[in-house]
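Here's the letter readout for the chains.
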Protein chains: 2
Amino acid sequence: MISQTLAKAFEDIVGQANLMTEKADLVTYSYDAAVVDSVLPGLILRPTDGDALSRVVKLCNDNGLPITVRGAGTNLSGGAIPIHEGVVILTNGLNRILEINTEDMYAVVQPGVITAKFAAAVEAEGLFYPPDPGSQAVSTLGGNVAENAGGLRGLKYGVTSDYVMGLQFFDTNGDPVKTGSRTVKCATGYNLTGLMVGSEGTLGVFNEIILKLIPAPAHRKAMVAVFDEMNKASETVAAIIADKIIPATLEFMDNFTIRAVEDYSRAGLPIDAAALLLVEVDGHPAQVEEDARRVEALCKKLGATSVRVAADDAERDKVWAARRSALSALAKLKPTLVLEDATVPRSKIPAMVRAMQEIGDKYGLSIGTFGHAGDGNLHPTILTDKRNKEEWKRVDQAIAAIFDKALAMGGTLSGEHGTGIAKSCFLENETSKATLVYSRRIKSALDPNNILNPGKIIGG
Amino acid sequence: MISQTLAKAFEDIVGQANLMTEKADLVTYSYDAAVVDSVLPGLILRPTDGDALSRVVKLCNDNGLPITVRGAGTNLSGGAIPIHEGVVILTNGLNRILEINTEDMYAVVQPGVITAKFAAAVEAEGLFYPPDPGSQAVSTLGGNVAENAGGLRGLKYGVTSDYVMGLQFFDTNGDPVKTGSRTVKCATGYNLTGLMVGSEGTLGVFNEIILKLIPAPAHRKAMVAVFDEMNKASETVAAIIADKIIPATLEFMDNFTIRAVEDYSRAGLPIDAAALLLVEVDGHPAQVEEDARRVEALCKKLGATSVRVAADDAERDKVWAARRSALSALAKLKPTLVLEDATVPRSKIPAMVRAMQEIGDKYGLSIGTFGHAGDGNLHPTILTDKRNKEEWKRVDQAIAAIFDKALAMGGTLSGEHGTGIAKSCFLENETSKATLVYSRRIKSALDPNNILNPGKIIGG
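Numbering of residues starts from 1 in each chain and follows the order in which that chain's sequence is written. Labels are handed out in written order, letters beginning with A for the chains and numbers beginning with 1 for the ligands. At least 70 in pLDDT is required for a residue's local features to be given in this predicted model, at least 80 for side-chain atom pairs to be given and counted, and no such filter applies to totals for whole chains, interfaces and linings, which use all residues. The side-chain numbers reported here are obtained from all heavy atoms of the structure, hydrogens and water having been left aside.

Side note on the interface of chain A and chain B
Contacts are assigned to residue pairs with any non-hydrogen atoms lying within 4.5 Å of each other. Each partner contributes to the interface: chain A provides 82 residues, whereas chain B provides 82 residues. Together chain A and chain B conceal approximately 6600 Å² of surface at their shared face, both sides included; 60% is due to carbon and sulfur atoms. Looking only at chain A, the three residues that lose the most surface to chain B are Lys185, Tyr190 and Tyr438 of chain A, adding up to 15% of its buried area. The term salt bridge refers to a pairing of a side-chain nitrogen on Lys or Arg with a carboxyl oxygen on Asp or Glu at a separation within 4 Å. Across the contact surface, chain A and chain B share 4 salt bridges. Residues Asp375 of chain A and Lys185 of chain B are paired through a salt bridge, measuring 2.8 Å at the closest nitrogen-oxygen approach. Pairs of N or O atoms within 3.5 Å make up the polar contacts considered here, provided that, within protein, one atom can donate a hydrogen while the other can accept it, and that residues adjacent in sequence are counted only when both atoms are side-chain atoms. For the pair chain A and chain B, the number of links is 34 residue pairs in polar contact (both at pLDDT 80 or more). Buried area, as used here, totals the accessible surface that two parts lose on assembly, with accessibility defined by a 1.4 Å probe and the loss added over both.

Below, the structure is given as C-alpha cells:
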C-alpha cells in the first residue's frame, strides 16, 4: 500500500490532476492487448516534463515501489501489465516533438508522442519515418522503442531499432543517462541505445528519443495478388525474396483473415481466395516499374489467379487500411484473440504456413494466419474463449507447438511483439541458460531494487 | 606471472603450436594502430575452435588473468592494447565462413574472418556486405563488430551494427550466450546483440557472428569534384545532403592529404586542388543517372572547377584505392600520426572544416583533413613526432580542442574508431556522470573479476 505521505509527495511532483487512485482509473490501466491476466496497480502518475519524470522515478526507487511505464497499452506480450499495487507512469503528458531537423534528417521526441502523428509531422517536412506497427494510430514512440516494434515495412526499411540514434533516459536514481548522438555514426561509449531498445521498461525510463529520418521514396505502387491455394501464395513470397527483390511491404492473408477483414472493412477483398499477397514496391519511378513488373510476373508464374495493381493512392490506401484492420476484424469474432509472432527465415515461410495448418488440425483450433510474410514474420491468430478451460489448454499446447516449429526452422519466438510476460518462460528454449544468467545480471546491476517493470522478459 | 602449471593447462587446450611466450611474439602483440603506449602481454594463445576458445576464457577467469582478444590489430583507439602480463587471444585461428545463405540473405562467420575476403565471398554469391572500414584488407569481422567499425559507405548503408543480426559469445565462465537470430526481425529477450556491438571485448568473447547481407546494387557511378577552396567543397557536402541525395560514398580530401596520397599512389589526383570530393552513387541505373546528374550540378553550382565521372570500373577502382591509401600515405611523412574521428551532424561539416584549420593555426600544427564527409565523420590527422615532448603537448591540446568543438556542434567523440583507452577520459564530457556509473555497473556485473579487456571504454 502506498501511504498518504508518499501519495502527497508524488502529488507535489506531478500535481493533483496528474495523480489517479480511483478504482476506475486503476482498472483502466490494469491490462494491455496481450492475453494475460490483468493486475491492479496502486497509483497512476502522469508527469508532464522530464524533471517530474526523473523525480517520480527516484521517489519510487527510494521507496521500493515498482514502476510500469505505459504508452498506449497496445502491447501484445504483457509488457505493459503493471505490478500489484505498483505505480503506472503514463507518458501521454510527455508528448512533444522537440525537433525535426530536415538538414541532418533526425528528430528528437518525448516518449509519449503518437507514432502516426509523428510520421505525419515528418512527412509534412518531406521526410520519412518508416516503422509502422499495426497499432501506429494510437501507439507511442516510447512504447515502440521499449518493444522494438516492427510493422509492415520491416522488409525493406527495418524496425524501430534501425531508427533510434540515441536516447536520454533516467536510471533508477532518476539521473540522466545519455547514449548515442545526433550524428549518423557514433562509436562513443557502450551502445546503451542498442541495449535499451526492446528492454521493455526494465532498465531505465526514457525521457528523450533521437530518431533517424530518411528521404521519402519518390514513387510507390501497391498490388494485390489472389491465390487459390495457400501454398502457392507462400511459395511466391519465398520466390520474390530469392529473386532479390525487396518490396517495401509483402503481406500474407489467409482465407479466414480475408473473410473477417472484408466483413469488417468492405474493402472489396475476394472472399473466396485461399490467400492474398499484398505487395508494395517503392523508390525511384524506374525501379518501381521494374520491381512491380517482376513481382507481378512471379505471382503469375507461381499460380496467382489475378494480380491487381492499385490504380491510384485512394485504392492503395484502401488496401492498407483493410490490412491494418485485420486485428480488430478478427478480435470481433470471439471473446479471446491470441496473436502470435513467431518468426522464421523467409525461405521457410511455405513450411511455416503448412505447419500452422497442421497444428490447428491437431489441436482442433482454427488458426488464422496473416502478417509480414516478407520478413518471415507471420501472425498466427487463434480465436478462442479463455473461459473455456478445456479449449484454452489446447490453445496453450498449440502455442508451444508453434514456438517449437519456429525454433526448429532456425526462427525466433518473437519478431516484433517482445517477450514480456507471455514468452519469458520460453526464452531459454531459444537461447541458453547462460543467456538468462547474463541477462539477469544486467538487470540486477542496473535495477538493484527490482523496481523497473519487474518480471518482464527474464521472469520474476 | 603465468605459472608453468597454468601455461601447461593452456597448452593442453590450444596445442603447443598455438601458444606463444617468446619475447618477439609478445612485442608483436603489444601495440595496435592507436598512438598509445605499447604494453607487453605475458602469453599469446591462438584457439582454433569454439570449444578451445570457451575453455581458454574460463581458465583465464578462474585464474584472474586479463584477456585482450585481438583481430588484426588495426584498432585506432587502443582497444587491442593488452594488459601487462595478461593473455592475448588471437582470432586468426577462427577464420571460417560457416554459412552464406543466399535465399535468406545472411551469413554466419567466426570472428577471425578477414573483412575483405568475406565481402568478396559474398559478392561471388551475388550479394553485398556493405561495411568497408579503411583497413578492410586486413581487419577481421570480429574486430569490426567489437569496434562497430564504419567505413566509406556509412552514408547510405550504415555501419557494422546495422548488419549484425545475432551473436553467440562466451561469458566469463566460458558459457555460450546466444542473442539475435537468422531472421530479419527478432524481439526475443534483451537486445544483447546491440550491447555487444562496440563493446570492445569488455563484455564477452565472440564465437559466431550472424551478418545480414543485401542484394548488390545494380549499377554505380563514381566521380571526383575539384575545388579551389576548402569551404566550397565542404558546403557542397552539406548541399548534397540537404537536397536529399544519399550517395553510397561522399568523401572529402584536403590539399595536404591530396599531395600525400598522390605522392604515394600516383592515381592522377590534382595536387593543386584545395579540396576534392570523391562521390559514388549506386542503385537502379535510372536512379544512378539522376543522382549523378544532380550531384554534378550541385558541385558546379557551388564552385567546383571540374567534375570528372569515372569512365569505367578500372578508373573507379583507382580512385577508391587512392582514397583508401590516405592513412598509409600520411603515415609515411612523420614518425607519429594521430588520426581522429570526432563526428558532427552533417550540416556542420563546413563549420567543422573551418574549426580544424583554426585549431591547427592556434597550436602551430599541420592538421590534414580527409574522410567520410557525408557522414559528418571527418578524420583530422595530425602528423607529429611523439618524442618531441613540447610539440606533443600541443597535439594533446589540439585533440582536446577538436573534441570540444565537435561536442559544441552536437557531435560525438568517435564516429567509428571507438573509445578504447585513447578517449575514455573524455567520455563523461559527451555523456554524463550517470552514464559512466550505469556503464560501469554493466561491466562489473558481467565481468566481476575484471578480466575482459579491462580499462577500455570506461577506464580502469
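So that's the structure; there's more coming.
A word on the domain arrangement of chain A
Residues and elements named next belong to chain A. An automatic or database domain assignment supplies the start and end points of every domain. What the domain assignment lists for chain A is domain 1 (4–90), domain 2 (97–215) and domain 3 (218–325). Facing the 9 residues of domain 2 at the interface are 12 residues of domain 3. A per-residue breakdown of the area domain 2 buries against domain 3 is headed by Leu152, Leu155 and Lys156, which together make up 70% of the total. Taken together, the links from domain 2 to domain 3 amount to 2 salt bridges.

Comments concerning the sheet that holds strand 4 (residues 87–90) of chain B
Residue and element names in this part refer to chain B. Strand order in the open sheet made by the 4 strands is 1-2-4-3, with mixed pairing throughout. Every interior strand has two partners, whereas the edge strands, strand 1 (19–20) and strand 3 (67–70), have only one. At least two bridges found by DSSP between two strands is the condition for calling them paired. Helix and strand definitions follow DSSP, with helices as H or I runs of at least four residues and strands as E runs of at least two, each counted in order from the N terminus. Strand direction decides the pairing type here: strand 2 (residues 43–45) and strand 4, joined by 3 bridges, are parallel. When the sheet's bridge partners are listed, Leu45 is paired in strand 4 with Ile89. Only C-alpha atoms enter the line fits that serve as axes; for helices the fit covers just the stretch in contact. Angles between N-to-C directions range over 0 to 180 degrees. Each of strand 2, strand 3 and strand 4 is contacted by helix 3 (residues 50–62), which is oriented at about 170° to strand 4, the strand it contacts most.

Observations regarding the packing of aromatic side chains
All names here are of chain A. Only Phe, Tyr and Trp rings take part, Trp by its six-membered ring, and two of them pair if their centres are within 6.5 Å. Stacked means planes under 30 degrees apart, edge-to-face means over 60, and tilted covers everything else. Taken as a whole and judged by the stated rule, the model has 10 aromatic pairs over all chains. Taken together, a centroid distance of 5.9 Å and an interplanar angle of 75° make the contact between Tyr129 and Tyr163 edge-to-face. A residue pair is termed long-range when its members are at least 10 positions apart, and Tyr129 in the loop between strand 7 (127–128) and helix 5 (141–147) and Tyr163 in the loop between helix 6 (154–157) and strand 8 (164–170) qualify at 34 residues. Of the two residues, Tyr129 and Tyr163, both sit in the buried class. For every residue, the accessible area obtained with a 1.4 Å probe (protein chains only) is divided by the maximum for its type, and the residue is called buried under 20%, exposed over 50%, and partly exposed between those limits.

Quick look at unusual backbone geometry
Backbone geometry places Lys244 of chain A, a non-glycine residue, at a positive phi of 65°. Of note in the backbone geometry, Glu85 of chain B takes a positive phi value of approximately 65° without being a glycine. For Glu85 of chain B, the position within the fold is in the loop between strand 3 and strand 4. The exposure class assigned to Glu85 of chain B is partly exposed, which follows from its relative accessible area of 28%.

Re the packing of helix 13 (residues 349–362) of chain B against helix 14 (residues 389–408) of chain B
Residue and element names in this part refer to chain B. Running from amino to carboxyl end, helix 13 crosses helix 14 at an angle of 155°, the nearest separation of the two axes being 10 Å. As judged from the angle between their axes, helix 13 and helix 14 are roughly antiparallel. For the pair helix 13 and helix 14, the sense of crossing is right-handed. Contacts between helix 13 and helix 14 pair Met352, Ala355, Met356 and Ile359 from the former with Ala398, Ala401, Ile402, Lys405 and Ala406 from the latter. Along the lines of polarity and charge, the residues of the contact of helix 13 with helix 14 split into 8 nonpolar, no polar and 1 charged. Any angle that is under 35 degrees is reported as roughly parallel, and any over 145 degrees as roughly antiparallel; angles of 65 to 115 degrees are reported as roughly perpendicular and all others as oblique. Each crossing gets its hand from how the near helix is turned against the far one by less than a right angle, where anticlockwise is left-handed and clockwise is right-handed. Three classes are used, and their members are as follows: Ala, Val, Leu, Ile, Met, Phe, Trp, Tyr, Cys and Pro are nonpolar, Asp, Glu, Lys and Arg are charged, and the others, Gly among them, are polar.

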